[in-house]
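Residue-level structural notes
If you want the building blocks of each chain, they are given just below.
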Amino acid sequence: MVTSLAVGYAMAGALDIPAMIGMMIGGMMGLMSAFAVAENTWQRLTRAILWMPFPYAAVLWLAAELHDDRRLEIGLMVGALALTFFLARFGQMYLLTGMMLFNGLMVGMMANIPAGMSGKALLVALVSAAAVLGTRLLLCYPMPREDLLRTQRAFVVEARRVADAAVEALDPDADQERAVRRMTRALRRLNVTTVTIDGRLAQPEVAADPDMAELLHRHLFDAELALRGIGRAVQDLTGLAVDPHLREALVVGLVVARDTPLGSAQGLRPAAEIIRRQADAALNGPDAASRRAEAVEPAYRVAQLLDSLAGSLSHWLALGWSSPQSPAKVPFQPTVALERDRPAGSAAATRRVLAAGTETSWRRVIPFLRAPLHAGVAAAIVCPITDAIDPQRFYWGLVGVMITLFGTNTTHERLRKFGHRMTGTVIGAVIGIALLHLVGHGHVYVMLTIIVAGITLGAWGMQRAYALWVVGLVVALVQLYGLTTPDAGMDHLLGERLLDNGLGILIATLCAAVIFPLSGRRITREAERGYVSAVDDLVSQLALRWEDPDAPVRLRGAARALDSALFQVVSLVRPLVRMPLGVRGRDADNRTALLTTATGHARALAAAADIDIDLAPRQAERFTRITTVLTGSLRALDHALATGEPEESWQRVSPLVRELKAELDTAPSGPRAERIRTALRELAALDDSLAGYAERCGLTVRSASPQGIVSSPMERRTQALVAEWGTRRAPRNAAASERSATVTATAGPGTGTASPERVLPVRPPTSATPSGGVAVTVAGSIRCDRHPAGCAGWITVINGRGKRVAAGSVQSGRYRVDGLRPGPHTLIVSASAHAPHAELLSVPSAGGTGRIGHDMRL
């Protein structure tokens, strides 16, 4: 901003044009460069910034030519705003073009620039843009390695904030409730920062090879997991009687963790040893009381987690420092999608809902025309009203329309933005007028300093609260208005701005609610379906990881995707106004709390289960049954969320998991055995949390047993009779059962031509679907000549009636789908590097199967 304003001022003097016009043209280059151009290579940065002057100067000339025709001028502004929203669907450069067209029209109307000055205006814009580009390349040159180091410092800052909150929570004289709230806020900020960093790590310029990129993600995940564990352990300690010496050792250890320099993460290990020794003394001391002994276990946990944090944090920081200087293109698949460098909110779910309802006939154009229609209709209504209020500043209403529709997807979000805009305008007006009276009108450089400082502080606060940006903006604008508006008229001017902005926001919100509306409840359910799908992916990868240790699955990546899905749910269920306990609307909070708890267990599960294990055949079969039943329950929950009709039930697998864990508890102890037990414990807790959520979604929650799914005494008696009848008939039908335990798979290429049939052997039946039928798991590989290591993509299963019955991801050429019923099915593979490929698969109706293999080649 400083560069663009200074260059615009200098160019105005050199070209003999009014200084205000030169600064407005140059300042727009700086403002749009700061807010709309975010590129990570100098080539793309140069292309974007140097392109801005051309559409901007072109519409300056057009605005000058049409200045005498008021209606046409206003109509052109309305069309330009609608065009901006239309171009936004085609990429960043198109959005930038639309924004420069709209801004050029607005500045041309405000400044009344004559047509003969258009050439000079283009020259001012070009020189200002070149100067802004030079400033960004000089001070903010895209350097991926330095970006990585900055993100690491940001993580360490949040980690120190967690440690500092933990120290305060352990102070016996501190307000425990306040300390716990501070700890909760610190952990929440840590998670937001970590998810953001994880999304940025997926950029291809971060590492020289995919292995380094994966290690960066793994160590970041483990470091956050350790910090969250420390926070929870300290919260447990706040409600216990802690030995004074043990408390002192904990405080010393956490202070060391807080104050350890960035390059000395291994220094946390001595602090962990201090806590461990003092915990031993507190446990074995002669005066150890029972209540004080309860605090020893959380203290041991803090020491263990400090050791884990030291290892993961030091490795993560070392990888950043050793990353190569030159950028390298890395074929690395990200797990977290960011929007404007922040965790994704409601936009992804809104896009999915919009796409699902607009796949046929004329409705295919709705995704392209919906936002432009909202903007165009709202602007057409707002402009006559605001023009009648003040013809000189009618564009304030257009600004309200634009800011409302950019970055919001639901009525709640737009109304929340309305509240922030109104509140920020009032506060900014009070501060701005006070500064204007304090400084006066004769100190131009002080006023310019306030303008730049206000925009800078507002930009800093934008990602924290939109109202902070509005405060900074209005403080800056009040100084500008002070140059032409007397003090007595300032209140009226700012009140008019508040009215015009408010009208634009409310009318835009109304238009979005009635023109091709999307139900907020439906969008929320779609976000929850995205969460359920992320859990399904995690469970599928867990089954593949323990079944095939060589499979290149990413359990931590799947858990991080669950974090991202939770952010989307939370952004949608957050109420407009927080109501007290006991009134309607608390069910969404309870559901979100259950999903938050489930996400915590999923993180711990992913970290503990990422090991090579060798279960006995019987135990492996039981684990396969657990994951199959859990996957079936997730599919039933997804169906209930999609249709609103809970037809099936949630089958709890936590009893089966605990039985398997009890069986494994008899095995020799060791690090691997302990991680397996931890993984099973977290899997059971994950199932319990999701069962509570499923119950709130209307599903009936039942329990599964090793012999089958049992939901009532009558079903148990029926199941026993069927088992007894099958035992009596087994000797006579043994040969027939053996002959029928085959599956015929007819495979054909994507064109639909059939290939010779092949007979695949299958295992005996091991599981059942929630509805009581035979559940078949199909798994295999997907290969092609161009990708020997396997293709990545998605697989969808369609039954004989054309209904989708299963879906899953293809990870490094491996796939798995569960819960297929007897009958013909079509397996469709979708991959970014291939055309869609379909094959036929026939699941037998007799004999029963548990798992079949089906490999495909693209």
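Small disclaimer: the values here were computed from a predicted structure and weren't measured.

1. Here's the deal with the overall build of the protein
Within the protein one finds 28 helices and 15 strands. Of all 858 residues assigned to the protein, the portion counted as buried reaches 50%. Taking the intrachain contacts of the protein between residues at least 6 apart in sequence as the baseline, contacts between residues at least 24 apart amount to 76%. Put simply, the protein shows about 39,400 Å² of open surface, and 60% of that area lies on carbon and sulfur atoms.

2. What about the pattern of salt bridges?
If you walk through the whole model with that rule in mind, you get 43 salt bridges. Residues joined in a network through salt bridges with shared partners are Asp164, Glu168, Arg178, Arg182, Arg258 and Asp259.

3. Quick notes on the nonpolar core
Residues Tyr531, Trp546, Leu637, Trp650 and Leu690 are the most contacted members of the largest nonpolar core, which totals 65 residues. Discounting residues that sit within four places of it in the chain, Leu637 has contacts with Val532, Trp650, Tyr693, Ala694, Cys697 and Leu699. By size, the runner-up hydrophobic cluster in this structure holds 56 residues, among which are Leu436, Val439, Tyr481 and Met490.

4. Notes on the packing of aromatic side chains
Tallied over the entire structure, the rule returns ten aromatic pairs. Note on Phe85 and Phe406: the rings are 4.5 Å apart at their centroids and 25 degrees apart in plane angle, and the pair reads as stacked. One end of the pair, Phe85, is in helix α5 (residues 70-87); the other, Phe406, is in the loop between α17 (395-405) and α18 (411-439), and 321 residues separate them in sequence. Judged by relative accessible area, which is 5%, Phe85 ranks as buried.

5. Some thoughts on the sheet that holds strand β9 (residues 793-799)
The pairing of strands in a sheet happens through backbone hydrogen bonds and is either parallel or antiparallel. The antiparallel open sheet is built from four strands, whose spatial order is β10-β9-β12-β13. Looking at which strands have only one partner, the edges of the open sheet turn out to be β10 (804-810) and β13 (834-843). Pairs of neighbouring strands in the sheet enclose a mean axial angle of 20 degrees, with direction left out of account. Where strand β12 (residues 823-831) and β13 come together, eight bridges link them in antiparallel fashion. Its bridge partner being in β13, Leu827 is matched across the sheet by Glu839.

6. Some words on helix α2 (residues 19-36)
A rise of 1.5 Å per residue sets the reference length of α2, with its 18 residues, at 26 Å; its end C-alpha atoms lie 25 Å apart and thus fit the reference within 8%. Listing the buried residues of α2 in full gives Ile21, Gly22, Met23, Ile25, Gly26, Gly27, Met28, Met29, Gly30, Met32, Ser33 and Ala36. Tucked into the core, α2 has its buried residues touching α1 (2-15), α3 (42-51), α4 (53-65), α6 (92-111), α7 (118-139) and α19 (444-462).

7. What about α19?
Count 3.6 residues to each turn of an α-helix, and residues three or four apart come out pointing the same way. Taking 1.5 Å per residue as the helical rise, α19 with its 19 residues ought to reach 27 Å, and the 27 Å between its terminal C-alpha atoms agrees with that figure. Listed in full, the buried residues belonging to α19 are Met447, Ile450, Ile451, Gly454, Ile455, Gly458 and Gly461. Down the axis of α19, the smallest arc covering the buried residues is 135 degrees, so these residues share one side. Opposite the buried face of α19, at more than 90 degrees from it, the exposed residues are Tyr445, Thr449, Leu457 and Trp460. At its buried positions, α19 is contacted by α18 and α20 (466-481).

8. Points about the environment of His67
For His67, the position within the fold is in the loop between α4 and α5. According to the relative accessible area criterion, His67 is partly exposed, its value standing at 28%. With 46 residues separating them in the primary sequence, His67 and Ile113 have C-alpha atoms 9.3 Å apart.

9. Notes on the pairing of strand β8 (residues 776-783)
Burial of β8 is extensive: seven of the eight residues sit out of reach of the surface. Judged from the five bridges that link them, β8 and strand β11 (residues 814-820) form a sheet pairing that is antiparallel. Bridged to Val778 within β11 is Val817. In this structure, β8 lies alongside strand β14 (residues 851-853), joined through three bridges in parallel fashion. For Val778, the partnering residue across the bridge sits in β14 and is Ile852. Sheet topology places β8 next to strand β15 (residues 856-857); two bridges connect them, and they run parallel.

10. Here we look at the packing of helix α16 (residues 366-389) against α17
Packing of α16 against α17 brings their axes to within 8 Å, and their N-to-C directions diverge by 155 degrees. Between α16 and α17, the crossing angle belongs to the class labelled roughly antiparallel. Seen along the crossing, α16 lies across α17 with a hand that is right-handed. Where α16 abuts α17, its residues His374, Ala375, Ala378, Ala379, Val382, Cys383 and Thr386 lie against Gly397, Leu398, Val401 and Leu405. Taken together, the residues that form the contact of α16 with α17 break down as eight nonpolar, three polar and no charged.

11. Overview of unusual backbone geometry
Positive phi, close to 60 degrees, is recorded for Asp16, a residue that is not glycine. Phi is positive for Phe516, which is not a glycine, with a value near 45 degrees. Mapped onto the secondary structure, Phe516 falls in the loop between α21 (487-514) and α22 (520-547).

12. A short note on the confidence of the model for the protein
Here the protein averages 81 in pLDDT, and 85% of its residues register 70 or above. Counting interchain partners and residues more than four positions distant, the pLDDT-below-50 stretch residues 707-719 has 20 contacts. Between residues 725-773, whose pLDDT stays under 50, and residues either more than four places distant or in other chains, the model counts 83 contacts.

13. Concerning the packing of helix α8 (residues 144-169) against helix α11 (residues 244-259)
Where α8 meets α11, the closest approach of the two axes is 8 Å, and the angle between their N-to-C directions is 160 degrees. Taken together, the axes of α8 and α11 lie roughly antiparallel to each other. Relative to α11, α8 is oriented so that their crossing is left-handed. When α8 is examined against α11, the residues Arg160, Ala163, Asp164, Ala166 and Val167 are found in contact with a partner set consisting of Val251, Leu254, Val255 and Arg258. Across the contact of α8 with α11, the residue classes break down as six nonpolar, no polar and three charged.

14. Thoughts on the side chain of Asp610
For Asp610, the location among the structural elements is in the loop between α24 (587-609) and α25 (617-643). Among the residues examined, Asp610 registers a relative accessible area of 11% and is labelled buried. A polar contact is formed between the side chain of Asp610 and the side chain of Arg218, at a distance of 2.7 Å.

15. Remarks on the environment of Leu126
Tracing the sequence through the fold places Leu126 in helix α7. For the pair Leu126 and Trp51, spaced 75 residues apart in the sequence, the C-alpha separation amounts to 8.9 Å. Residues contacting Leu126, with those up to four places away along its chain left out, are Pro53 and Phe54.

Scoring rules and cut-offs
Residues numbered from 1 in each chain as written. Predicted model: local features only at pLDDT ≥ 70, side-chain atom pairs only at ≥ 80, totals over all residues. Heavy atoms only, no water. Helix = DSSP H or I, 4+ residues; strand = E, 2+ residues; numbered from the N terminus. Buried < 20%, exposed > 50% of the residue type's maximum accessible area, 1.4 Å probe, protein only. Contact = heavy atoms within 4.5 Å. Areas by Shrake-Rupley, 256 points an atom, 1.4 Å probe, with all protein chains shown as cover. Salt bridge = Lys/Arg side-chain N within 4 Å of Asp/Glu carboxyl O. Core = buried A, V, L, I, M, F, W, Y, C linked by side-chain atoms within 4.5 Å. Phe/Tyr/Trp six-rings, centres within 6.5 Å; stacked < 30°, edge-to-face > 60°. Pairing = 2+ DSSP bridges. Axes fitted to C-alpha atoms, helices over the stretch in contact; angles between N-to-C directions. Expected span 1.5 Å × (residues − 1). Arc of directions from axis to C-beta. Parallel < 35°, antiparallel > 145°, perpendicular 65-115°, else oblique. Left-handed = near helix turned anticlockwise from the far one by under 90°. Nonpolar A, V, L, I, M, F, W, Y, C, P; charged D, E, K, R; others polar. pLDDT = per-residue confidence, 0-100. Polar contact = N/O pair within 3.5 Å; in protein donor to acceptor, adjacent residues only side chain to side chain.

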